[in-house]
Amino acid sequence: KGVHDTFEILAYRSVVGWVLVIALGAALGHLHGIRRDNLGSHVLRNLVHFTGQSLWFHAVTLIPLAQVFALEFTSPIWVILLSPLILGEALTRRKLVAAALGFAGILIVARPDFAALDAGVLAAAGSAVFFAATSLLTKRLTKNGEAIVSILFWLTLMQAGLGGAAMLADGQATLPTLATLPWLALIGVAGITAHLCLTTALSLAPASMVVPVDF
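## Observations concerning the packing of helix 2 (residues 39–60) against helix 7 (residues 148–169)
The interhelical angle for the contact between helix 2 and helix 7, taken along N-to-C directions, is 55°, at an axis separation of 9 Å. With respect to helix 7, the axis of helix 2 lies oblique. The two elements helix 2 and helix 7 cross, and the hand of that crossing is right-handed. Of the residues in helix 7, those in contact with L39, H42, V43, R45, N46, L47, H49, F50 and Q53 of helix 2 are S150, I151, W154, L155, M158, Q159, L162, G163 and A166.

## With respect to the environment of G164
Mapped onto the fold, G164 is located in helix 7. With 31 residues separating them along the chain, G164 and A133 place their C-alpha atoms 23 Å apart.

## Observations regarding the layout of surface pockets
Of the volumes computed, that of the largest pocket is approximately 810 Å³. Around the largest pocket, the lining is made up of 28 residues, and of these H49, E72, F131, A194 and H195 lie nearest the centre. Looking at the lining of the largest pocket, the elements that each hand over two or more residues are helix 2, helix 3 (65–72), helix 4 (75–86), helix 6 (119–143), helix 8 (181–204) and helix 9 (207–214). Per element, the largest residue contribution to the lining of the largest pocket is 10 residues, and it comes from helix 8. Grouping the constituent residues of the lining of the largest pocket by class yields 15 nonpolar, nine polar and four charged.

## Focus on the environment of A173
Within the secondary structure layout, A173 lies in the loop between helix 7 and helix 8. For A173, a relative accessible area of 41% translates into the label partly exposed. When residues no more than four places from it in sequence are discounted, the contact partners of A173 are E8, M167 and L168.

## Here's the deal with the side chain of S127
Positionally, S127 belongs in helix 6. Within the structure, S127 has its side chain in polar contact with the backbone oxygen of A124 (distance 2.7 Å). Every residue in contact with S127, bar those within four places of it in the chain, is listed here: G52, L55 and W56.

## A short note on the side chain of T134
Turning to its location among the elements, T134 is positioned in helix 6. Discounting residues that sit within four places of it in the chain, T134 has contacts with R45, V48 and H49.

## Re empty space enclosed by the protein
For the structure on display, the rule yields one cavity of 30 Å³ or more. If you add up the space inside the largest cavity, you get close to 90 Å³. Elements with a contribution of two residues or more to the lining of the largest cavity: helix 1 (6–28), helix 2, helix 7 and helix 8. At four residues, helix 8 tops the list of elements feeding residues into the lining of the largest cavity. Looking at the lining of the largest cavity residue by residue, the class counts come to two nonpolar, nine polar and one charged.

Here is what the cut-offs are and how they apply
- Residues numbered from 1 in each chain as written.
- Predicted model: local features only at pLDDT ≥ 70, side-chain atom pairs only at ≥ 80, totals over all residues.
- Heavy atoms only, no water.
- Axes fitted to C-alpha atoms, helices over the stretch in contact; angles between N-to-C directions.
- Helix = DSSP H or I, 4+ residues; strand = E, 2+ residues; numbered from the N terminus.
- Parallel < 35°, antiparallel > 145°, perpendicular 65-115°, else oblique.
- Left-handed = near helix turned anticlockwise from the far one by under 90°.
- Contact = heavy atoms within 4.5 Å.
- 1 Å grid on protein atoms, 1.4 Å probe; cavity = no way out; pocket = protein on both sides within 12 Å on 5 of 7 lines; lining within 4 Å.
- Points joined across faces, edges and corners; volume = space filled by probe spheres on them.
- Nonpolar A, V, L, I, M, F, W, Y, C, P; charged D, E, K, R; others polar.
- Buried < 20%, exposed > 50% of the residue type's maximum accessible area, 1.4 Å probe, protein only.
- Polar contact = N/O pair within 3.5 Å; in protein donor to acceptor, adjacent residues only side chain to side chain.

In structure tokens form, the structure reads like this:
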């Protein structure tokens, strides 16, 4: 049996990420870039992201990891389809063809039984939609001039708060142990590094170009 539940992992990972953002931001002199004028957008982005993460971790406990990843990678398709509505990016014939081919490939790998969809498949598919929305909201923040350090600061702080609230909701919380702390720290480092790379990429290129590279 695992030591930590989903929400504990999410909370501790975010705490590690927040400490790293503060430390690196201070070392590089970038903390002045943290702003509060887009706080509403940060709240929306992080609620969407937290929901996606929770669904993903839940799916991992229910269905094979390969199937989770296959369904998660419908996310680029949702980005391609939604980016014209949220970001005003052009929806070209090439993008539509790519989305159709990608969806066909996912059906081949995941082989979902649409007559008997289980909770794991629905959770993984749902996480893809929320991850796509997260990327689009992140892109919108960068288009509005939000600094990367500000996006990462509010990301880790809000995710830690949401994870902590969910962790305590059942009245049971397991503190990190000497055995689990290194793994939680590694998850935190990997998570914030991935967010740094993705946020930087979204600040430089269209979302419909960036997210398929993740695939």
